[in-house]
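Architecture and fold: a report
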Amino acid sequence: MIDGKAFRQCLGKFATGVTVVTCSDADGNPCGITANSFSSVSLDPPLVLWNIAKVSNSLEGYLNAEHFAINVLSADQQALSSHFARSDHTMFSGVEYSLSDDGVPLLPDTIATFHCRTHQIHDCGDHFVVIGEVTDHQSTDADPLVFYSGTYHNIKT
Ligand SMILES: Cc1cc2nc3c(=O)[nH]c(=O)nc-3n(C[C@H](O)[C@H](O)[C@H](O)COP(=O)(O)O)c2cc1C
């Protein structure tokens, strides 16, 4: 038997960056969710993935979105990570963002952005795995925000 708490602790030993995954829902409302499940999948074709919990209030928005964006946070953006980890339907009020040509909210001053078209969605346990085809991307040399063992860390690059 796997103990849930110990399993989460063990998973936390894998240091990750932190992203906010954004999309617009069917009514055009902006959605954002903090996610560290982001991973590369394929270079050719260019594919990435992230996982969304089935209990997420924004689930329908992401399952139906044709496009989404992965906003990779900088060391200075811990407050944004905490903000988008809250369950709050008005979470974009007071948050600066722009809209991509595809109508996806984009956060400014991130260290990387991946613009994605939803490619496949897999039903896996208590999450859905969302695979996106990358249609565009940008990056900078700023330092990343890091999540490790349940807390935020900064590393100098
Ligand atoms: C560092 C960090 C990483 C997270 N990664 C994920 C993730 O990959 N997938 C996910 O569904 N939730 C993840 N969460 C939790 C969601 O951000 C959070 O449950 C969600 O924003 C709550 O709002 P919702 O219920 O409206 O979705 C993460 C939270 C933090 C702080």
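You'll find the structure just up there.
Calculation criteria
Residues numbered from 1 in each chain as written. Predicted model: local features only at pLDDT ≥ 70, side-chain atom pairs only at ≥ 80, totals over all residues. Heavy atoms only, no water. Helix = DSSP H or I, 4+ residues; strand = E, 2+ residues; numbered from the N terminus. Rg over C-alpha atoms; globule rule 2.2 N^0.38 Å. Contact = heavy atoms within 4.5 Å. Lys, Arg positive; Asp, Glu negative; His and termini not counted. Charge placed at Lys NZ, Arg CZ, Asp CG, Glu CD. Patch = residues over 30% accessible without salt bridge, like charges linked within 9 Å, V, L, I, M, F, W, Y side chains within 5 Å. Areas by Shrake-Rupley, 256 points an atom, 1.4 Å probe, with all protein chains shown as cover. Salt bridge = Lys/Arg side-chain N within 4 Å of Asp/Glu carboxyl O. Pairing = 2+ DSSP bridges. Axes fitted to C-alpha atoms, helices over the stretch in contact; angles between N-to-C directions.

**A few points about the overall build of the protein chain**
Helices and strands together make up the secondary structure of the protein chain, namely three helices and 12 strands. Here the protein chain has a C-alpha radius of gyration of 15 Å; the compact-globule value for 157 residues is 15 Å, and the two agree. Once the C-alpha set of the protein chain is aligned to its principal axes, its extents read approximately 45 × 35 × 35 Å. Long-range pairs, those at least 24 residues apart, make up 61% of the contacts in the protein chain between residues at least 6 apart in sequence. Taking the 7 positively charged and 18 negatively charged side chains of the protein chain as two groups, their mean positions are separated by 14 Å.

**Looking at a nonpolar patch on the surface**
On the surface, Ile2, Phe7 and Leu11 cluster together into a nonpolar patch covering about 340 Å² of accessible area. Position of Phe7 relative to the elements: it lies in helix α1 (residues 4-11).

**With respect to the environment of Ser74**
Relative to the elements of secondary structure, Ser74 occurs in the loop between β6 (67-72) and α3 (78-83). Ser74 sits 80 residues away from Asn154 along the chain, and the two C-alpha atoms are 9.0 Å apart. Ser74 has contacts with Asp109, Ile111, Asp143, Pro144 and Leu145, leaving out every residue within four places of it along the chain.

**A look at the sheet that holds strand β5 (residues 47-53)**
The strand order across the open sheet formed by seven strands is β3-β2-β6-β9-β10-β5-β4, and the pairing between neighbours is antiparallel. The outermost strands of the open sheet, each flanked by one partner alone, are β3 (30-35) and β4 (39-42). Strand-to-strand twist across the sheet, computed as the mean angle between neighbouring axes with direction ignored, equals 35°. Note that strand β2 (residues 19-24) and β6 share four bridges and pair antiparallel. The residue bridging Val20 from the neighbouring strand is Asn71, located in β6.

**Brief notes about the pairing of strand β11 (residues 145-148)**
Remember that side chains alternate between the two faces of the sheet whenever the strand is regular. The sheet contact formed by strand β1 (residues 16-17) and β11 spans two bridges and is antiparallel. Residue pairing across strands places Gly17 opposite Val146, the latter belonging to β11. Pairing of β11 with strand β12 (residues 151-154) involves four bridges; the strand directions are antiparallel. From the neighbouring strand, Val146 faces β12, where its bridge partner is His153. Between β11 and β12, which pair antiparallel one after the other, the connecting turn spans two residues, and Ser149 there sits at a positive phi close to 55°.

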